[in-house]
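# Survey of secondary and tertiary structure
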Amino acid sequence: GVGVGFVACVPIVLDAGSAAVMRSFPTSPMPPGYAESILAAGPDPAAIRAAGIAAATDLARAMLDLGLAGVNLSGGPAPGGELAYAEAVARIASAL
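Residues numbered from 1 in each chain as written. Predicted model: local features only at pLDDT ≥ 70, side-chain atom pairs only at ≥ 80, totals over all residues. Heavy atoms only, no water.

## A look at the overall build of the chain
When you go through the chain residue by residue, the secondary structure sums to four helices and two strands. When its helices and strands are written in sequence order, the chain yields β-α-α-α-β-α. In summary, the chain has a C-alpha radius of gyration of 13 Å against a globular reference of 12 Å for 96 residues, a match within 12%. Projected onto the principal axes, the alpha-carbon positions of the chain cover approximately 50 × 30 × 25 Å. When the 96 residues of the chain are sorted by exposure, 29% land in the buried category. Nonlocal contacts in the chain, meaning residues at least 24 apart in sequence, comprise 61% of its contacts between residues at least 6 apart. Just so you have it, the chain exposes about 5300 Å², and 63% of that area is on carbon and sulfur atoms. (Helix = DSSP H or I, 4+ residues; strand = E, 2+ residues; numbered from the N terminus. Rg over C-alpha atoms; globule rule 2.2 N^0.38 Å. Buried < 20%, exposed > 50% of the residue type's maximum accessible area, 1.4 Å probe, protein only. Contact = heavy atoms within 4.5 Å. Areas by Shrake-Rupley, 256 points an atom, 1.4 Å probe, with all protein chains shown as cover.)

Spelled out as structure tokens, the structure:
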């Protein structure tokens with residue numbers, strides 16, 4: 001038989017701007033309270049960023065442990081945050 005693998009979206013929230021990007025998607029892949037719990041790690045931006053990286057890594061691992069074919073690290077940076085966002089995506093991917 002032919003098997004079809006499922007690739008799930010894993011939201012990346014690193015700050016209020018990237019949370020807004022995720023919320024702008026027509027069908028948000030964020031679990032309830034996901035962005036709020038990450039943003040609550042503040043007010044230090046580094047703490048929020050670390051919480052977002054940890055949350056995305058944990059969620060991706062949980063999905064992969066279910067046997068999914070892969071994950072799509074989803075979202076986008078706040079304006080001007082492209083480099084920091086790319087670095088976070090690389091950290092998450094490396095951890096997986």
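## Considerations on the packing of helix H3 (residues 45-65) against helix H4 (residues 82-95)
Two elements in contact, H3 and H4, have axes separated by 10 Å at closest approach and are oriented at 40 degrees. By the criterion of interaxial angle, the relationship of H3 to H4 is oblique. Seen along the crossing, H3 lies across H4 with a hand that is right-handed. Judged by residue contacts, Arg49, Ile53, Ala56, Thr57 and Arg61 of H3 engage Ala84, Glu87, Ala88, Arg91, Ile92 and Ala95 from H4. Considering only residue class, the contact of H3 with H4 consists of six nonpolar, one polar and four charged. (Axes fitted to C-alpha atoms, helices over the stretch in contact; angles between N-to-C directions. Parallel < 35°, antiparallel > 145°, perpendicular 65-115°, else oblique. Left-handed = near helix turned anticlockwise from the far one by under 90°. Nonpolar A, V, L, I, M, F, W, Y, C, P; charged D, E, K, R; others polar.)

## Focus: unusual backbone geometry
With omega at 25 degrees, the peptide bond leading from glycine 42 into proline 43 counts as cis. Along the chain, proline 43 falls in the loop between helix H2 (34-39) and H3.

## Some remarks on H4
Helical periodicity: at 3.6 residues per turn, an α-helix aligns residues three or four positions apart in one direction. Over its 14 residues, H4 runs 20 Å from end to end, which matches the ideal 20 Å to within 8%, given 1.5 Å per residue. Residues of H4 that are buried: Tyr85, Ala88 and Ile92. One side of H4 carries all its buried residues, which in axial view fall inside an arc of 60 degrees. Summarising the geometry of H4, the exposed residues directed more than 90 degrees from the buried face are Leu83, Arg91 and Ser94. At its buried positions, H4 is contacted by helix H1 (16-24), H3 and strand S2 (70-74). (Expected span 1.5 Å × (residues − 1). Arc of directions from axis to C-beta.)

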